[in-house]
Amino acid sequence: MNIPLSSYSSSGSESAAAAGLVLLLMVIYFAVVFAIVGVLYMGMFTKAGRPAWAAFVPIYNSIKLMEIAGRPWYWFLLTLIPFAGIYFSIVALHDLSKSFGKDAGYTVGLVLLPVVFVPMLSYGSAPYLGPAAGRQFVAYPQGYAQPYQQGYAQPYQQGYAQPGQQPPVQQPNGQQYR
């Protein structure tokens, strides 16, 4: 099939107009997406004591989310590593859900269905408890047992008890009894 070349436009104005229209639609789409993400994150930012405007700044909001989760700012850069970034993102989301008092099941929801679980975290009843990444596993809850640094004489040197007496036991409410 032969199509004469005279049927094609040589000015390029039609293709430039089409490219401009596509570019305009892409800019509008990304502006709407950034606005929606900002509104979704704004609740988490205000609960964590961060300014609400920070949720609307694209890269800055990711860095601040790492801080809310208790991770250092450079974890944002680790999420950009191909394949390994998936692991770092999931760990950061798990710490984010723990920071709001949620468990691993909520993390699965944040990973698989963030459009539903991020607003629940932002505008739901979950309070911000503080950064979760700084918390470590403690074999004995605080107040139940005091670890000895060196030998058995350590508690007497720190003023816990006099020689021949039992060291005071601290209750979970902070009171001591002997």
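For the structure, check the block above.
All residue numbers here refer to positions counted from 1 along the written sequence of the relevant chain. Reporting of local features is limited, given that this is a predicted model, to residues whose pLDDT is at least 70; pairs of side-chain atoms are given and counted only at 80 or more, and all residues count toward the totals for whole chains, interfaces and linings. As a convention, hydrogens and water are excluded, and side-chain values are obtained from all of the structure's heavy atoms.

Caption draft 1: Representation of the packing of helix α1 (residues 13–47) against helix α6 (residues 114–123). All axes here are fitted lines through C-alpha atoms, helices being fitted over the stretch that makes contact, and every angle between N-to-C directions spans 0 to 180 degrees. Comment: elements are numbered from the N terminus, with helices defined as DSSP H or I runs of at least four residues and strands as E runs of at least two. Between α1 and α6, the shortest axis-to-axis distance is 7 Å and the interhelical angle comes to 35°. The handedness of the crossing between α1 and α6 comes out as left-handed. Here α1 contributes Val39, Leu40, Tyr41, Met42, Gly43, Met44 and Lys47 to the contact with α6, which in turn contributes Val118, Pro119, Leu121, Ser122 and Tyr123. Taken together, the residues that form the contact of α1 with α6 break down as nine nonpolar, two polar and one charged. Left-handed describes a crossing whose near helix is turned anticlockwise from the far helix through less than a right angle; right-handed describes the clockwise counterpart. In what follows, residue pairs with any heavy atoms lying within 4.5 Å of each other are defined as contacts. Just so you know the grouping, Ala, Val, Leu, Ile, Met, Phe, Trp, Tyr, Cys and Pro go in nonpolar, Asp, Glu, Lys and Arg go in charged, and all remaining residues, Gly too, go in polar.

Caption draft 2: Quick look at the packing of helix α2 (residues 58–69) against helix α4 (residues 84–99). Two elements in contact, α2 and α4, have axes whose closest approach is 8 Å; the angle formed by their N-to-C orientations is 55°. The angle between α2 and α4 falls in the class oblique. Handedness of the crossing formed by α2 with α4: left-handed. Here Leu65, Met66, Ile68 and Ala69 of α2 come into contact with α4, specifically with Ala92, Asp95, Leu96 and Ser99. Just so you know how the angles are binned, under 35 degrees is roughly parallel, over 145 roughly antiparallel, 65 to 115 roughly perpendicular, and the rest oblique.

Caption draft 3: Focus on the environment of Ala126. With respect to the helices, strands and loops of the structure, Ala126 is situated in the loop between α6 and α7 (154–157). With a relative accessible area of 6%, Ala126 lands in the buried category. Ignoring anything within four residues of it in the chain, the contact list for Ala126 reads Lys47, Phe100, Lys102 and Leu121. Each residue is placed in one exposure class: buried if its accessible area under a 1.4 Å probe, protein chains only, is under 20% of its type's maximum, exposed if it is over 50%, and partly exposed if it falls in between.

Caption draft 4: Region of interest: α4. For a helix, the expected span equals 1.5 Å multiplied by the number of residues minus one. Under the 1.5 Å per step criterion, the end-to-end length of α4 is 23 Å for 16 residues, consistent within 8% with the ideal 22 Å. All buried positions along α4 are accounted for by Gly85, Phe88, Val91, Ala92, Asp95, Leu96, Ser97 and Ser99. For α4, the secondary structure elements touched by its buried residues are α1, α2, α3 (75–78), α5 (104–112) and α6. Looking one or two places after α4, you find Gly101, whose phi comes out positive at around 80°.

Caption draft 5: Local environment of α1. Along its 35 residues, α1 runs 51 Å from first to last C-alpha, staying within 8% of the 51 Å computed at 1.5 Å per residue. Bend at a residue means the angle formed by two fitted axes: the first through the 7 residues ending at that position, the second through the 7 residues beginning there. Bending of α1 peaks at approximately 35° at the position of Tyr41. Where α1 is concerned, the buried positions are Gly38, Leu40, Gly43, Met44 and Phe45. Those residues of α1 that are buried lie in contact with α2, α4 and α6. Two residues or fewer past α1, Gly49 is found with a positive phi of approximately 80°.

Caption draft 6: Structural context of the packing of aromatic side chains. Two aromatic rings from Phe, Tyr or Trp, using only the six-membered ring of Trp, form a pair when their centres are within 6.5 Å; if the ring planes differ by under 30 degrees the pair is stacked, by over 60 it is edge-to-face, and anything between is tilted. What the rule picks out here adds up to seven aromatic pairs. With 5.7 Å between their ring centres and 0° between their planes, Trp53 and Tyr60 make a pair best called stacked. By relative accessible area, Trp53 is classed as exposed at 53%. An aromatic cluster of three or more residues is present, and its members are Trp75, Tyr87 and Phe88. A positively charged side chain is recorded as over a ring if its NZ (Lys) or CZ (Arg) lies within 6 Å of the ring centre. The angle to the ring normal must also be within 35 degrees. Just above the ring of Trp75 sits the side chain of Arg71; from NZ or CZ to the centre is 4.3 Å.

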